[in-house]
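Given next are the chains, with one letter for each unit.
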Amino acid sequence: MLGGTTEASALARAVADAGIAATFSYAGRVDSPKVQPIPQRVGGFGGVAGLVRYLREHNITHVVDATHPFAAQMSRNADHACTEAGVALLALTRAPWAAEAGDTWTHVPDIASAVEALGGIARRVMLALGRMHIEDFAAQPQHHYVLRLVDAPVQQPSLPHHSVVVARGPFDVAGDIALFKEHAVDIVVCKNAGGVGADAKIHAARALGLPVVMIDRPALPARREVATAQAVLDWVAEAQHGA
Ligand code: NAP
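Residue numbers run consecutively from 1 along every chain, following the written order of its sequence. Two thresholds apply to this predicted model, a pLDDT of at least 70 for residue-level local features and 80 or more for giving and counting side-chain atom pairs, whereas whole-chain, interface and lining totals are computed over all residues. The basis for the side-chain values is all heavy atoms of the structure; hydrogens and waters are excluded.

Taken together, 22 residues sit near the ligand, with Gly3, Ser25, Phe45, Met74 and Lys191 positioned nearest. In this structure, an oxygen atom belonging to the ligand sits 3.3 Å away from a side-chain N or O atom of Asn77. Take Lys191: an N or O atom from its side chain is 2.6 Å from an oxygen atom of the ligand. Only the protein chains shown count as cover for residues, and all accessible areas are computed by the Shrake-Rupley method using a 1.4 Å probe. In isolation the ligand has 810 Å² of accessible area, and contact with the protein removes 77% of it. Residues are classed as near a molecule or strand on a simple rule: at least one heavy atom within 4 Å of it. We define a polar contact as two N or O atoms separated by no more than 3.5 Å, with the added condition that, inside protein, one atom must be a possible hydrogen donor and the other a possible acceptor, whereas residues neighbouring each other in sequence contribute only through side-chain atom pairs.

Strand order in the open sheet formed by six strands is E5-E10-E9-E6-E7-E8, with parallel pairing between adjacent strands. Every interior strand has two partners, whereas the edge strands, strand E5 (105-108) and strand E8 (162-166), have only one. Looking at each pair of strands side by side, their axes are set apart by 20° on average, direction ignored. Looking at chain direction, strand E7 (residues 144-149) and E8 are connected through five bridges and run parallel. Along E8, the bridge assignment pairs Tyr145 with His162. On the sheet, helix H6 (residues 200-208) packs against E5, strand E6 (124-128), E7, strand E9 (187-191) and strand E10 (212-215) and is oriented at approximately 155° with respect to E9. Strand pairing requires that DSSP identify at least two bridges connecting the strands. Each helix corresponds to a stretch of at least 4 residues labelled H or I by DSSP, and each strand to a stretch of at least 2 residues labelled E; elements are numbered beginning at the N terminus. Simply put, an axis is a line fit to the C-alpha atoms, just over the touching stretch for a helix, and the angle between two N-to-C directions goes from 0 to 180 degrees. Any two residues whose heavy atoms approach within 4.5 Å are treated as being in contact.

For the rest of this paragraph, the subject is the packing of aromatic side chains. The geometry of an aromatic ring pair is captured by the separation of the ring centres together with the interplanar angle, meaning the angle of the planes. Two rings belonging to Phe, Tyr or Trp (six-membered ring only in the last case) form a pair when the distance between their centres is within 6.5 Å. Interplanar angles under 30 degrees mark stacking, angles over 60 mark edge-to-face geometry, and anything in between is tilted. As enumerated under the stated definition, the model contains three aromatic pairs in all. Ring geometry for Phe45 and Tyr54: centres 5.1 Å apart, planes at 65°, overall edge-to-face. Per-residue accessibility, obtained with a 1.4 Å probe over protein chains only, is compared with the maximum for each type, and a residue is labelled buried under 20%, exposed over 50%, and partly exposed between these values. Judged by relative accessible area, Tyr54 falls into the buried class, the value being 16%. The ring of Phe45 has Arg41 lying over it, and the distance from NZ or CZ to the ring centre is 4.0 Å. Lysine NZ or arginine CZ positioned within 6 Å of the ring centre and within 35 degrees of the ring normal marks a charge as sitting over the ring. Above the ring of Phe171, the side-chain terminus of Arg148 is found at 3.6 Å from the ring centroid.

Think of an α-helix as turning once every 3.6 residues; residues three or four places apart then point the same way. Buried within helix H5 (residues 173-182) are the following residues: Asp176, Leu179 and Phe180. Buried residues of H5, seen end-on, are gathered within an arc of 95° and therefore sit on one face of the element. Set apart from the buried face of H5 by more than 90 degrees, the exposed residues are Ala174, Lys181 and Glu182. Its buried side turned inward, H5 meets E6, E7, E8, E9 and H6. Directions pointing from the helix axis toward each C-beta atom define the arc.

Let us look at the domain arrangement of the protein. The split of the chain into domains comes from an automatic or database domain assignment. Parsing the protein into structural domains produces domain 1 (6-94 + 219-242) and domain 2 (105-215). Its C-alpha centre places domain 1 at a distance of 29 Å from the equivalent point of domain 2. Each partner contributes to the interface: domain 1 provides 12 residues, whereas domain 2 provides 13 residues. Buried area: the accessible surface (1.4 Å probe) lost by two parts on joining, summed over both. Of the roughly 940 Å² buried between domain 1 and domain 2 on both sides combined, carbon and sulfur atoms contribute 53%. In what follows, salt bridge is the name for a side-chain nitrogen of Lys or Arg lying within 4 Å of a carboxyl oxygen of Asp or Glu. Where domain 1 packs against domain 2, one counts zero salt bridges. Our count for the domain 1 to domain 2 interface comes out at five residue pairs in polar contact (both at pLDDT 80 or more). Residues are grouped as follows: nonpolar covers Ala, Val, Leu, Ile, Met, Phe, Trp, Tyr, Cys and Pro; charged covers Asp, Glu, Lys and Arg; every other residue, Gly included, is treated as polar. Residue composition of the side of domain 1 that touches domain 2, by class: four nonpolar, three polar and five charged.

The structure is reproduced here in C-alpha coordinates:
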(Lines give C-alpha, C1' and ligand atoms only; values in the text may rest on other atoms or scores of the structure.)
Protein backbone atom coordinates (compact mmCIF):
# COMPACT_ATOMS: atom_id res chain seq x y z
CA MET A 1 0.00 0.00 0.00
CA LEU A 2 1.37 3.36 -1.03
CA GLY A 3 -0.01 5.68 1.61
CA GLY A 4 0.26 9.07 3.20
CA THR A 5 -3.43 10.01 3.24
CA THR A 6 -6.40 9.73 5.60
CA GLU A 7 -8.00 7.30 3.15
CA ALA A 8 -4.86 5.13 3.10
CA SER A 9 -4.89 4.93 6.89
CA ALA A 10 -8.56 3.87 6.85
CA LEU A 11 -7.67 1.20 4.28
CA ALA A 12 -4.79 -0.05 6.46
CA ARG A 13 -7.29 -0.57 9.30
CA ALA A 14 -9.61 -2.54 6.99
CA VAL A 15 -6.72 -4.61 5.61
CA ALA A 16 -5.53 -5.43 9.14
CA ASP A 17 -9.06 -6.43 10.19
CA ALA A 18 -9.36 -8.66 7.11
CA GLY A 19 -6.07 -10.39 8.01
CA ILE A 20 -4.45 -9.61 4.66
CA ALA A 21 -0.63 -9.61 4.66
CA ALA A 22 0.36 -6.10 3.62
CA THR A 23 2.98 -3.40 4.06
CA PHE A 24 2.24 0.31 4.30
CA SER A 25 4.71 2.58 2.52
CA TYR A 26 5.40 6.19 3.52
CA ALA A 27 7.56 8.64 1.56
CA GLY A 28 9.02 9.97 4.81
CA ARG A 29 7.90 13.60 4.50
CA VAL A 30 6.94 14.02 8.18
CA ASP A 31 9.08 13.41 11.27
CA SER A 32 6.84 10.85 12.93
CA PRO A 33 4.26 9.35 10.59
CA LYS A 34 1.03 7.94 12.02
CA VAL A 35 1.60 4.39 13.25
CA GLN A 36 -0.37 1.91 11.14
CA PRO A 37 -1.97 -1.40 12.22
CA ILE A 38 0.09 -3.23 9.54
CA PRO A 39 3.88 -3.33 9.05
CA GLN A 40 5.22 -0.09 7.62
CA ARG A 41 8.29 1.08 5.74
CA VAL A 42 9.52 4.63 5.13
CA GLY A 43 11.37 6.26 2.22
CA GLY A 44 11.48 6.34 -1.57
CA PHE A 45 12.13 3.13 -3.51
CA GLY A 46 14.61 4.68 -5.92
CA GLY A 47 12.43 5.40 -8.95
CA VAL A 48 10.73 2.82 -11.15
CA ALA A 49 13.74 0.47 -11.12
CA GLY A 50 13.89 0.56 -7.32
CA LEU A 51 10.18 -0.15 -7.00
CA VAL A 52 10.38 -3.06 -9.47
CA ARG A 53 13.22 -4.49 -7.36
CA TYR A 54 11.22 -4.03 -4.15
CA LEU A 55 8.14 -5.73 -5.64
CA ARG A 56 10.20 -8.72 -6.75
CA GLU A 57 12.26 -9.06 -3.57
CA HIS A 58 9.14 -9.00 -1.39
CA ASN A 59 7.02 -11.20 -3.67
CA ILE A 60 4.34 -8.52 -3.87
CA THR A 61 1.24 -9.65 -5.76
CA HIS A 62 -0.94 -6.50 -5.41
CA VAL A 63 -0.18 -2.81 -5.15
CA VAL A 64 -2.75 -0.28 -3.94
CA ASP A 65 -1.89 3.29 -4.80
CA ALA A 66 -3.60 5.23 -2.02
CA THR A 67 -1.34 8.28 -2.31
CA HIS A 68 -2.52 11.87 -2.43
CA PRO A 69 -3.89 12.98 -5.84
CA PHE A 70 -0.97 15.44 -6.07
CA ALA A 71 1.66 12.70 -5.53
CA ALA A 72 1.78 12.29 -9.31
CA GLN A 73 5.36 11.07 -9.52
CA MET A 74 4.70 8.18 -7.16
CA SER A 75 1.53 7.24 -9.06
CA ARG A 76 3.36 7.28 -12.40
CA ASN A 77 6.20 5.20 -10.95
CA ALA A 78 3.74 2.68 -9.50
CA ASP A 79 1.99 2.37 -12.85
CA HIS A 80 5.25 1.73 -14.74
CA ALA A 81 6.77 -0.57 -12.10
CA CYS A 82 3.65 -2.75 -11.79
CA THR A 83 3.49 -3.16 -15.56
CA GLU A 84 7.16 -4.12 -15.66
CA ALA A 85 6.96 -6.51 -12.69
CA GLY A 86 3.60 -8.00 -13.74
CA VAL A 87 1.94 -6.98 -10.47
CA ALA A 88 -1.73 -6.02 -10.19
CA LEU A 89 -2.33 -2.31 -9.49
CA LEU A 90 -5.41 -0.60 -8.10
CA ALA A 91 -5.79 3.05 -7.15
CA LEU A 92 -7.89 4.17 -4.20
CA THR A 93 -9.06 7.61 -5.27
CA ARG A 94 -11.58 10.28 -4.32
CA ALA A 95 -13.57 12.74 -6.38
CA PRO A 96 -12.28 16.31 -6.46
CA TRP A 97 -14.14 18.95 -4.46
CA ALA A 98 -16.64 21.01 -6.43
CA ALA A 99 -17.59 24.63 -5.84
CA GLU A 100 -21.09 25.23 -4.51
CA ALA A 101 -23.42 28.20 -4.89
CA GLY A 102 -21.85 31.21 -3.21
CA ASP A 103 -18.28 29.91 -3.41
CA THR A 104 -15.67 32.18 -5.01
CA TRP A 105 -13.02 29.84 -6.36
CA THR A 106 -10.28 30.79 -8.78
CA HIS A 107 -9.10 27.59 -10.48
CA VAL A 108 -5.41 27.44 -11.33
CA PRO A 109 -3.48 24.56 -12.91
CA ASP A 110 -0.37 24.56 -10.73
CA ILE A 111 1.63 26.21 -7.95
CA ALA A 112 3.21 28.82 -10.26
CA SER A 113 -0.25 29.98 -11.34
CA ALA A 114 -1.40 30.09 -7.70
CA VAL A 115 1.51 32.44 -6.93
CA GLU A 116 0.52 34.60 -9.90
CA ALA A 117 -3.12 34.66 -8.79
CA LEU A 118 -2.04 36.36 -5.55
CA GLY A 119 -0.81 39.49 -7.33
CA GLY A 120 -2.16 42.77 -5.92
CA ILE A 121 -2.67 44.38 -2.54
CA ALA A 122 -1.45 42.81 0.70
CA ARG A 123 -3.80 40.19 2.09
CA ARG A 124 -3.79 37.56 4.82
CA VAL A 125 -3.41 34.23 3.05
CA MET A 126 -4.10 30.76 4.45
CA LEU A 127 -1.49 28.75 2.52
CA ALA A 128 -2.76 25.22 3.01
CA LEU A 129 -0.14 23.43 0.89
CA GLY A 130 2.06 21.70 3.46
CA ARG A 131 5.77 22.43 3.62
CA MET A 132 6.62 21.90 -0.03
CA HIS A 133 6.41 24.99 -2.30
CA ILE A 134 6.24 27.59 0.49
CA GLU A 135 9.31 29.37 -0.89
CA ASP A 136 7.59 29.88 -4.26
CA PHE A 137 5.30 32.40 -2.56
CA ALA A 138 8.25 34.68 -1.70
CA ALA A 139 7.52 36.11 -5.19
CA GLN A 140 4.45 37.78 -3.58
CA PRO A 141 6.10 39.13 -0.41
CA GLN A 142 3.39 41.74 0.31
CA HIS A 143 1.06 39.19 1.96
CA HIS A 144 0.95 37.75 5.44
CA TYR A 145 0.92 33.97 5.07
CA VAL A 146 -0.54 31.53 7.59
CA LEU A 147 1.33 28.23 7.21
CA ARG A 148 -0.13 25.08 8.73
CA LEU A 149 2.56 22.40 8.95
CA VAL A 150 2.80 18.93 10.47
CA ASP A 151 6.30 19.63 11.85
CA ALA A 152 7.80 22.94 12.96
CA PRO A 153 10.09 24.13 10.14
CA VAL A 154 13.81 23.52 10.72
CA GLN A 155 14.63 26.64 8.72
CA GLN A 156 12.45 29.74 8.94
CA PRO A 157 10.54 30.29 5.67
CA SER A 158 11.85 33.28 3.73
CA LEU A 159 8.38 34.85 3.48
CA PRO A 160 8.76 38.27 5.17
CA HIS A 161 5.38 38.08 6.93
CA HIS A 162 4.09 34.75 8.13
CA SER A 163 2.73 32.75 11.07
CA VAL A 164 3.34 29.02 11.51
CA VAL A 165 0.64 26.78 12.98
CA VAL A 166 1.94 23.30 13.79
CA ALA A 167 -0.93 20.82 13.56
CA ARG A 168 -1.75 17.46 12.00
CA GLY A 169 -5.06 16.73 10.24
CA PRO A 170 -7.74 15.69 9.82
CA PHE A 171 -9.18 19.05 10.95
CA ASP A 172 -12.76 20.01 11.75
CA VAL A 173 -14.81 22.87 10.37
CA ALA A 174 -15.36 24.68 13.70
CA GLY A 175 -11.62 24.54 14.37
CA ASP A 176 -10.76 25.91 10.92
CA ILE A 177 -13.34 28.71 11.22
CA ALA A 178 -11.76 29.66 14.57
CA LEU A 179 -8.25 29.50 13.05
CA PHE A 180 -9.22 31.68 10.07
CA LYS A 181 -10.84 34.25 12.38
CA GLU A 182 -7.91 34.25 14.81
CA HIS A 183 -5.46 34.99 11.96
CA ALA A 184 -7.90 37.32 10.12
CA VAL A 185 -7.45 35.18 6.99
CA ASP A 186 -9.04 36.75 3.91
CA ILE A 187 -8.10 34.25 1.19
CA VAL A 188 -7.32 30.51 1.13
CA VAL A 189 -4.88 28.76 -1.23
CA CYS A 190 -5.17 24.97 -1.42
CA LYS A 191 -4.91 21.90 -3.63
CA ASN A 192 -8.04 20.12 -4.81
CA ALA A 193 -7.34 17.02 -2.74
CA GLY A 194 -10.97 15.85 -2.57
CA GLY A 195 -12.14 13.48 0.16
CA VAL A 196 -13.02 14.23 3.75
CA GLY A 197 -9.59 14.25 5.40
CA ALA A 198 -8.74 17.79 4.33
CA ASP A 199 -12.04 19.43 3.43
CA ALA A 200 -12.62 21.39 6.66
CA LYS A 201 -10.84 24.44 5.21
CA ILE A 202 -13.21 24.46 2.22
CA HIS A 203 -16.26 24.40 4.49
CA ALA A 204 -14.71 27.07 6.72
CA ALA A 205 -13.97 29.32 3.71
CA ARG A 206 -17.58 28.80 2.57
CA ALA A 207 -18.98 29.66 6.01
CA LEU A 208 -16.91 32.84 6.22
CA GLY A 209 -17.44 33.85 2.55
CA LEU A 210 -13.69 33.74 1.80
CA PRO A 211 -12.34 33.39 -1.73
CA VAL A 212 -10.29 30.27 -2.54
CA VAL A 213 -7.44 29.83 -5.01
CA MET A 214 -7.97 26.18 -5.93
CA ILE A 215 -5.06 24.32 -7.51
CA ASP A 216 -6.49 21.71 -9.85
CA ARG A 217 -5.14 18.16 -9.91
CA PRO A 218 -2.23 17.00 -12.03
CA ALA A 219 -2.94 14.41 -14.75
CA LEU A 220 -2.45 10.83 -13.51
CA PRO A 221 -2.06 7.61 -15.48
CA ALA A 222 -5.24 5.81 -16.52
CA ARG A 223 -5.55 2.83 -14.18
CA ARG A 224 -8.21 0.82 -12.45
CA GLU A 225 -9.67 2.96 -9.64
CA VAL A 226 -12.04 2.41 -6.73
CA ALA A 227 -13.38 4.79 -4.13
CA THR A 228 -13.75 2.69 -0.97
CA ALA A 229 -11.67 0.43 1.25
CA GLN A 230 -14.28 -2.32 0.80
CA ALA A 231 -13.80 -2.21 -2.97
CA VAL A 232 -10.07 -2.73 -2.44
CA LEU A 233 -10.76 -5.79 -0.24
CA ASP A 234 -13.15 -7.13 -2.89
CA TRP A 235 -10.44 -6.70 -5.55
CA VAL A 236 -7.92 -8.68 -3.47
CA ALA A 237 -10.49 -11.42 -2.78
CA GLU A 238 -11.47 -11.55 -6.46
CA ALA A 239 -7.84 -12.15 -7.46
CA GLN A 240 -7.46 -14.85 -4.78
CA HIS A 241 -10.59 -16.70 -5.90
CA GLY A 242 -9.63 -16.32 -9.51
CA ALA A 243 -6.17 -17.79 -8.92
P1 NAP B 1 5.60 12.56 -5.34
O2 NAP B 1 6.15 13.88 -5.73
O3 NAP B 1 4.63 11.91 -6.22
O4 NAP B 1 6.79 11.51 -5.13
C5 NAP B 1 8.15 11.85 -5.14
C6 NAP B 1 8.94 10.64 -4.68
O7 NAP B 1 8.70 10.39 -3.29
C8 NAP B 1 8.53 9.35 -5.37
O9 NAP B 1 9.15 9.26 -6.65
C10 NAP B 1 9.02 8.33 -4.38
O11 NAP B 1 10.44 8.24 -4.39
C12 NAP B 1 8.69 9.00 -3.05
N13 NAP B 1 7.35 8.60 -2.56
C14 NAP B 1 6.17 9.28 -2.68
N15 NAP B 1 5.19 8.64 -2.05
C16 NAP B 1 5.74 7.52 -1.52
C17 NAP B 1 5.24 6.45 -0.73
N18 NAP B 1 3.95 6.41 -0.34
N19 NAP B 1 6.11 5.45 -0.37
C20 NAP B 1 7.42 5.50 -0.73
N21 NAP B 1 7.94 6.50 -1.47
C22 NAP B 1 7.13 7.50 -1.85
O23 NAP B 1 5.02 12.64 -3.85
P24 NAP B 1 4.71 13.90 -2.91
O25 NAP B 1 3.70 14.75 -3.58
O26 NAP B 1 5.99 14.50 -2.46
O27 NAP B 1 4.00 13.16 -1.70
C28 NAP B 1 4.74 12.36 -0.81
C29 NAP B 1 3.80 11.59 0.08
O30 NAP B 1 3.01 12.48 0.83
C31 NAP B 1 2.85 10.67 -0.69
O32 NAP B 1 2.92 9.40 -0.12
C33 NAP B 1 1.49 11.32 -0.54
O34 NAP B 1 0.47 10.36 -0.40
C35 NAP B 1 1.65 12.16 0.71
N36 NAP B 1 0.91 13.42 0.63
C37 NAP B 1 1.17 14.30 -0.41
C38 NAP B 1 0.46 15.47 -0.48
C39 NAP B 1 0.68 16.43 -1.63
O40 NAP B 1 0.05 17.48 -1.63
N41 NAP B 1 1.52 16.11 -2.60
C42 NAP B 1 -0.48 15.79 0.50
C43 NAP B 1 -0.72 14.89 1.55
C44 NAP B 1 0.00 13.71 1.60
P45 NAP B 1 11.23 7.13 -5.25
O46 NAP B 1 11.14 7.58 -6.66
O47 NAP B 1 12.59 7.15 -4.67
O48 NAP B 1 10.51 5.81 -5.03
